[in-house]
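# Chain and residue survey
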Amino acid sequence: RDLVRQSRADERLPLAPVSSAPSLDQFPDAPTIRAAAIPLPDSAAAGLVQAFRCASQDTTRQVLRGAFLDTSGKGSKAHRIVGTDGRHLVSSNSLHLPQVKTPVILPDHKLWQWKPLATSRPWTLRLGAETEGIQPFRIEGPNWSVTGTTLEGNYPNYRQVVPKPEEFKTQVTLSDAALEAMVRLIPRLPGKKLANRPVGLHFEKGRLGLLARETNDEPWILHPLDAVTLKGPDLCTFVNRDYLQKAAAFGLGEIALIDAMSPLRFRREGDLMILMPIRAIDPERIERPPLEPAVKPSPRKPPMRKSARTAKQKPTETDPIDEAESRLSKANKALASAGKQLKSATGSLQTARRQRRDDR
């Protein structure tokens, strides 16, 4: 890396072992896997990447630090790929791998987050013979391969955390434009330093808005997003913003809710994600500033002129008093918005001052 930083485009770089590097004898030989390669459909490769992104990072819960390939189901698309950390769960069941006889847990690794590897296709899977509880595997792409051993242990019963379809009371369908706008909007919302990083999902009268605030002393600010297809009662619930952004990035636009404190289901075709809600302080304290929705409706075409006579009608004169009142109303709204921004900035400065004092 140090050589490359100071090299020219056409320069040859000499590479050699360094004294601080461990000897090759300390690295185990790659296991020999004689099993035939199992072609993975694109849905399975995408499901593995999503499951790795939702796997646990807790070293004390080793069995959750990977993607669970569950082949216990029976049917043409009954096999599932599952990843969870106990607070959110993703599952994909749009595949069938009859060559995989028993369920396995493939370990997570930072390599799966590398875009050239995660987006390359096609993938194949090789599973070696199990020896003393250790089973080697190899996942191969067009020009790469990852070899390792599966994780030991029994994966928890993930099906028990998935609510039954008849339990859901509110069904919401988001457009692809709303999902893209959500992915862009969530990183810009205030409140990243709050505990559990909360964001509210506010469904009201066929519209979706996100609730966020900088500190717990402030009201929740409603950020309108887009019109949605809503069936059932209006509802507002709070979730972790990181998990919500994953669901939107995965394209899961069908949302089902039971109530404000029950698990949420995000779904699209065979893929689904279950999110556990979080408790919010003063969830009813909502402020509705005049913000534009993140997804703007397409402009409508102007109406056709009925006749030349209608087009030549003299425009009505505006009352100067009404015009003055309109300007005063706009000025008052601008002052109110500036006051809120000033209050938010003051709160941010106070937080920064306390943090600097704690650092000292």
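Here we summarise the structure given alongside this text. Only a predicted model underlies this, so the values are computations on that prediction, with no experimental measurement involved. (Residues numbered from 1 in each chain as written. Predicted model: local features only at pLDDT ≥ 70, side-chain atom pairs only at ≥ 80, totals over all residues. Heavy atoms only, no water.)

## Brief notes about the overall build of the protein chain
- Secondary structure summary: the protein chain contains seven helices and 18 strands in total.
- The dimensions of the protein chain, computed from C-alpha atoms along their principal axes, are 90 × 55 × 50 Å.
- Going through the 360 residues of the protein chain one by one, you find that 38% of them count as buried.
- If you take every contact in the protein chain between residues at least 6 apart in sequence, the share linking residues at least 24 apart comes to 64%.
- Roughly 23500 Å² of accessible area belongs to the protein chain as shown, and the carbon and sulfur atoms make up 52% of that amount.
- Side chains of the protein chain give 56 positive and 40 negative charges; the mean places of these two sets differ by 4 Å. (Helix = DSSP H or I, 4+ residues; strand = E, 2+ residues; numbered from the N terminus. Buried < 20%, exposed > 50% of the residue type's maximum accessible area, 1.4 Å probe, protein only. Contact = heavy atoms within 4.5 Å. Areas by Shrake-Rupley, 256 points an atom, 1.4 Å probe, with all protein chains shown as cover. Lys, Arg positive; Asp, Glu negative; His and termini not counted. Charge placed at Lys NZ, Arg CZ, Asp CG, Glu CD.)

## Structural notes on the pattern of salt bridges
- Counted by the stated rule, this structure contains nine salt bridges.
- A salt bridge links Glu204 to Arg288, with the shortest nitrogen-to-oxygen separation between them at 2.9 Å. You can see Glu204 sitting in strand β10 (residues 198-204) and its partner Arg288 sitting in the loop between β18 (286-287) and α6 (308-311), a full 84 residues away along the chain.
- A relative accessible area of 48% means that Arg288 is categorised as partly exposed. (Salt bridge = Lys/Arg side-chain N within 4 Å of Asp/Glu carboxyl O.)

## Considerations on the side chain of Thr237
- Structurally, Thr237 can be placed in strand β14 (residues 235-240).
- Here Ala260 takes part through its backbone oxygen, which lies 2.8 Å from a polar atom of the side chain of Thr237.
- Those residues in contact with Thr237 that sit more than four places away from it in its chain are Val199, Gly200, Leu201, Leu257, Ala260, Leu264 and Pro277. (Polar contact = N/O pair within 3.5 Å; in protein donor to acceptor, adjacent residues only side chain to side chain.)

## Describing the pairing of strand β7 (residues 136-140)
- For β7, a buried count of four out of five residues is recorded, marking the element as mostly surrounded by other parts of the structure.
- Here strand β6 (residues 123-127) pairs with β7 via four bridges, running antiparallel. Within the sheet, the bridge partner assigned to Arg126 lies in β7 and is Arg138.
- Pairing analysis gives five bridges linking β7 to strand β8 (residues 145-149), with the strands arranged antiparallel. Within β8, the residue paired with Ile139 across the bridge is Val146.
- Where β7 folds back on β8, the antiparallel hairpin that results is connected by four residues. (Pairing = 2+ DSSP bridges.)

## Let's talk about the layout of surface pockets
- Approximately 570 Å³ is the volume attributed to the largest pocket.
- In terms of lining residues, the largest pocket is bounded by 22 residues, among which Ile221, Glu287, Pro289, Lys340 and Gln341 are the most central.
- Looking at the lining of the largest pocket, the elements with two or more residues in it are β12 (220-227) and α7 (320-359).
- Ranked by the residues each element gives to the lining of the largest pocket, the list is headed by α7, at seven residues. (1 Å grid on protein atoms, 1.4 Å probe; cavity = no way out; pocket = protein on both sides within 12 Å on 5 of 7 lines; lining within 4 Å. Points joined across faces, edges and corners; volume = space filled by probe spheres on them.)

## Regarding the packing of aromatic side chains
- In this structure the tally under the stated criterion is seven aromatic pairs.
- Arranged with centres 4.9 Å apart and planes meeting at 10 degrees, the rings of Phe52 and Trp112 form a pair that is stacked. With Phe52 in helix α2 (residues 42-54) and Trp112 in the loop between β5 (104-107) and α3 (115-118), this residue pair connects regions lying 60 residues apart in the sequence. Note on accessibility: Phe52 and Trp112 belong to one class, buried.
- Taking the centre distance of 5.4 Å and the plane angle of 85 degrees together, the rings of Trp123 and Trp144 count as edge-to-face. Remark: Trp144 occurs in the loop between β7 and β8 and Trp123 occurs in strand β6; sequence separation between them is 21 residues.
- Within the aromatic cluster, the residues linked to one another by ring pairs are Phe52, Trp112, Trp123 and Trp144.
- Geometry around Trp123 places Arg121 over its ring, the cationic atom sitting 5.5 Å from the centre. (Phe/Tyr/Trp six-rings, centres within 6.5 Å; stacked < 30°, edge-to-face > 60°. Lys NZ or Arg CZ within 6 Å of the ring centre and 35° of its normal.)

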